[in-house]
Number of protein chains: 2
Amino acid sequence: MTEPALQDSEEFQHHLREIRELLARKQTLEDLIHRQQRVQHQDLVESITHRQTLGWIKRKLDRLHSADIARILEALPRDQRQVVWDLVRADKDGEILLEVSAAVRETLLETMDTDEIRAAAETLDADEIADLAPDLPPEVVEDVLESLDQEEREHVRTALSYPEDTVGAFMDFDLVKVREDVALEVVLRYLRRFETLPDHTDKLYVVDREDRLRGILTLESLLTNDPERLVVEVMQAKSLLTFHPEDDASEAAATFERYDLISAPVIDAEGRLIARLTVADMVDRIREESDAEILNQAGLREEEDIFAPVMRAVRNRWAWLAINLVTAFVASRVIGLFEGTIAQLVALATLMPIVAGIGGNAGNQTITMIVRAIAMGQVEPADLWRLLGKELGVALINGLVWGGIIGAIVWLLYHDWKLSLVMTAAMTLNLLLAATAGVLIPMIRQQLGRDPALGSSVMITALTDSGGFFIFLGLATLFLM
Amino acid sequence: MTEPALQDSEEFQHHLREIRELLARKQTLEDLIHRQQRVQHQDLVESITHRQTLGWIKRKLDRLHSADIARILEALPRDQRQVVWDLVRADKDGEILLEVSAAVRETLLETMDTDEIRAAAETLDADEIADLAPDLPPEVVEDVLESLDQEEREHVRTALSYPEDTVGAFMDFDLVKVREDVALEVVLRYLRRFETLPDHTDKLYVVDREDRLRGILTLESLLTNDPERLVVEVMQAKSLLTFHPEDDASEAAATFERYDLISAPVIDAEGRLIARLTVADMVDRIREESDAEILNQAGLREEEDIFAPVMRAVRNRWAWLAINLVTAFVASRVIGLFEGTIAQLVALATLMPIVAGIGGNAGNQTITMIVRAIAMGQVEPADLWRLLGKELGVALINGLVWGGIIGAIVWLLYHDWKLSLVMTAAMTLNLLLAATAGVLIPMIRQQLGRDPALGSSVMITALTDSGGFFIFLGLATLFLM
């Protein structure tokens, strides 16, 4: 990269703060001018101060790496973000649009006209254009495709033709091919004709005349072997690790992680080399997944622009709140069944949230562990009973220990040993329920071919709430009334 | 890698299932023999069947990549895991110990004697030994260090001298240095003397006689430039991206991700080259972090061996349950304050969990978003009011909408419009409380230099539970009694 890379977040924060200050100064100057309407040549003054500060910011931006400008844009409120975005060098627009979060990208694209967007897109590679395309207006995408040469256009079309969770959507078409019947010397001379090599070139791809992948020539073997030798003698041809465009992207990412790959070939059914995958895209994929998992656990639909307008934020969050409202309402109806009991012994109302709360917490522990084990392929149906046994054991111990403690406290508070026993029993039973559901829900969903993770936390909590209230108040009705 | 890599999880599952079957067959044969005590030459038969199945498994394992054997071990119950582990080729032990999860590593090490562990460790590089060291008995570490040559020992000691969350703990000492005053031709000849290059070698490090880093020679520029030219002419010397051993590992990982790095130099205060970082270690780091975040959200202390004995699982989970128990108890005492009110209007007991539940859900949405924004350096103290304003706006809308809906339902259930109003008001107020806390808690913690993420979910839930009960029952006492 030509621009200096920022080492640490202090450095980044420093640049960010400077830009914020410049923007603030620009603001105050403008206010000043607007307030004293009577000043002479106001427009002149304004435009000067304007040009100055903007000039400062521009020079700063020109020195920064696209990835860092992207972070600065994400960190700026919308109005200021707009000012900075207009100052960015046009040839950086494409890179930056790729780097920013989807939410922020939206806000940036909103303000660009077709020509600007086309100009930005044209600075990108085929696979990068494909990444951007879904967020662009269709007519613009068409324009951009027109502006590309035949081959590039083909590549973009290919990449766009695969769903976003497949290898096809992550393919990089920029790679170096060589023939097997030439000497390494020839390959070395061939490479010298390049200005630069494609990013993450750790291997060259050996293909025949029909473009079928014959083997892989790592730069390592190219550099460590005698130049007289032929490619076919030093290339790796057996047990090649290859991907197909329709392969699952997450599994490809896991494979990259497991075998510490830098790049790997993507071939079609006939074994013809289509493109390659690089570690950079796979790292992004890994990040996306864990982000999605975390946001999902917290009930957020997608990464949010922290400066998003209120209504957009509401939209991003309402779905989970609605679900949560329904489950909470169900739980509340369960309590409703026992209003008679509660009327006679109000202490039950006081204690019931404890039973539900602990159950939910324990259930989430179990289901999270099982879901992760399934994701890593560690669990198969045959393990059901073994896992169930373990989780029930854990639940029983926790129930007796924590339930016992709470039971004792209840006795101290209400001096009612039957109530204490009901409390302890209810907590134990609810923990057993949580453990059973925590194991069964994900394993059954897996059997049904569903994603075991999706909304698992909501489901288990709903169950342990309603279940907890029912068990506790039910036992109370049976033994205390 | 020499062993065939497994493309996808089907393939992995296939191998795993085969091994499980072999183990099962071995089991049944043994049972059979034990049951019919009267069979002749029992021992002979047993040993034969034994050797056969074990032989099959062993051959299978020899063909598998260490990373895959690690996954198989993680997927096997303890007894079977032990059988397989004993069959693994000794020279693979080290690699596998590095790959498996900490919990499983523990179970494997338990069964190895000092000599085996030393043998395993000796197959590893300095940085890998350093990764393993914390889990090994101190005396074994000493043994291993003894068995290393002077330089290796120094490297391990260096790596061990840095805390695990610093760059120092991830350093790879295996790299290629060159001088700046030689021609590329010479470098090329020099590289041919290597059998292999260090993993992830995408650049060579240009150092002077005092080992000070003068610049970086990428394989790209080595391969694309005229061999007659000098290293100094083609090397990158300006705005080098370098790390220091005491730098924060997470930030280093983020930097690798941001600039798509494969490897980067680690230098000391005098600018001397100590080691390098590679993308492989940084990817692992990224994975570790997101895993920790997810486990933490679910109240698990660490990644759990799904076949862990019950007591170990209990230990991994009790801390969070205890905290949860305390917060639930506090919430319950808050309700206790209003037992008089509830006694007069039991419906309150029925409805209060809804107020608390929605508040917790909304609070988690807010705090998760703020925590992530802080982690990405998008938020600074100056943004406090803007963010607070946005979140309060979202909370107000959600409160009025959802609170209104619930209020209407309450009216249908109890035909008490005052109760409906109290419900709507309480939900709105609790959502406002959740929004305020969701913004303030992480931003204050950041100001205090604490980790804004740690236990944030527990804190916000505790607050919205107690707060929700207090607001709802308080309003009820004021307006309905």
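Just so it is clear, the model here is predicted, and its values are computed rather than measured.

Caption draft 1: Local environment of the pattern of salt bridges. Residue and element names in this part refer to chain B. If you walk through the whole model with that rule in mind, you get 53 salt bridges over all chains. Between Arg 118 and Asp 143 there is a salt bridge, and its shortest N-O distance comes to 3.1 Å. Taken as a pair, Arg 118 in helix H7 (residues 114–122) and Asp 143 in helix H9 (residues 138–147) lie far apart in primary sequence, 25 residues in all. Taking relative accessible area as the criterion, Arg 118 reaches 23% and is therefore assigned partly exposed.

Caption draft 2: Seen up close, a nonpolar patch on the surface. All names here are of chain A. Where nonpolar side chains cluster on the molecular surface, the patch consists of Trp 411, Leu 412, Trp 417 and Leu 421 and spans about 490 Å² of accessible area. Only helix H19 (384–414) and helix H20 (417–447) provide two or more residues apiece to the nonpolar patch. Tracing the backbone through its elements, the reader meets Leu 412 in helix H19.

Caption draft 3: Highlighting the environment of A:Leu240. Residues and elements named next belong to chain A. Assignment of secondary structure puts Leu 240 in the loop between helix H13 (231–234) and helix H14 (249–259). Looking at Leu 240, the relative accessible area reads 19%, which means it is buried. C-alpha separation for the pair Leu 240 and Leu 213, spaced 27 residues apart in sequence, amounts to 9.7 Å. For Leu 240, the residues in contact, after removing those within four places along its chain, are Leu 213, Gly 215 and Ile 216.

Caption draft 4: Representation of unusual backbone geometry. Its identity is not glycine, yet A:His415 carries a phi of approximately 45°, on the positive side. One can find A:His415 in the loop between H19 and H20.

Caption draft 5: Representation of the packing of H14(A) against helix H15 (residues 279–297) of chain A. Residue and element names in this part refer to chain A. Where H14 contacts H15, the axes come no closer than 9 Å and their chain directions differ by 115°. Viewed along their axes, H14 and H15 form a crossing whose handedness is left-handed. On the side of H14, the interface is formed by Ala 249, Ser 250, Ala 252, Ala 253, Phe 256 and Glu 257, while H15 contributes Val 279, Met 282, Arg 285, Ile 286 and Glu 289. Taken together, the residues of the contact of H14 with H15 break down into seven nonpolar, one polar and three charged.

Caption draft 6: Examining helix H9 (residues 138–147) of chain A more closely. Residue and element names in this part refer to chain A. Along H9, the positions that sit buried rather than exposed are Val 140, Val 141, Val 144 and Leu 145. The buried residues of H9 occupy one face: seen down the axis, they fall within an arc of 140°. Those residues of H9 that are buried are in contact with helix H7 (114–122), helix H8 (126–132) and helix H10 (150–160).

About the criteria used
- Residues numbered from 1 in each chain as written.
- Chains lettered and ligands numbered in written order.
- Predicted model: local features only at pLDDT ≥ 70, side-chain atom pairs only at ≥ 80, totals over all residues.
- Heavy atoms only, no water.
- Salt bridge = Lys/Arg side-chain N within 4 Å of Asp/Glu carboxyl O.
- Helix = DSSP H or I, 4+ residues; strand = E, 2+ residues; numbered from the N terminus.
- Buried < 20%, exposed > 50% of the residue type's maximum accessible area, 1.4 Å probe, protein only.
- Patch = residues over 30% accessible without salt bridge, like charges linked within 9 Å, V, L, I, M, F, W, Y side chains within 5 Å.
- Areas by Shrake-Rupley, 256 points an atom, 1.4 Å probe, with all protein chains shown as cover.
- Contact = heavy atoms within 4.5 Å.
- Axes fitted to C-alpha atoms, helices over the stretch in contact; angles between N-to-C directions.
- Left-handed = near helix turned anticlockwise from the far one by under 90°.
- Nonpolar A, V, L, I, M, F, W, Y, C, P; charged D, E, K, R; others polar.
- Arc of directions from axis to C-beta.

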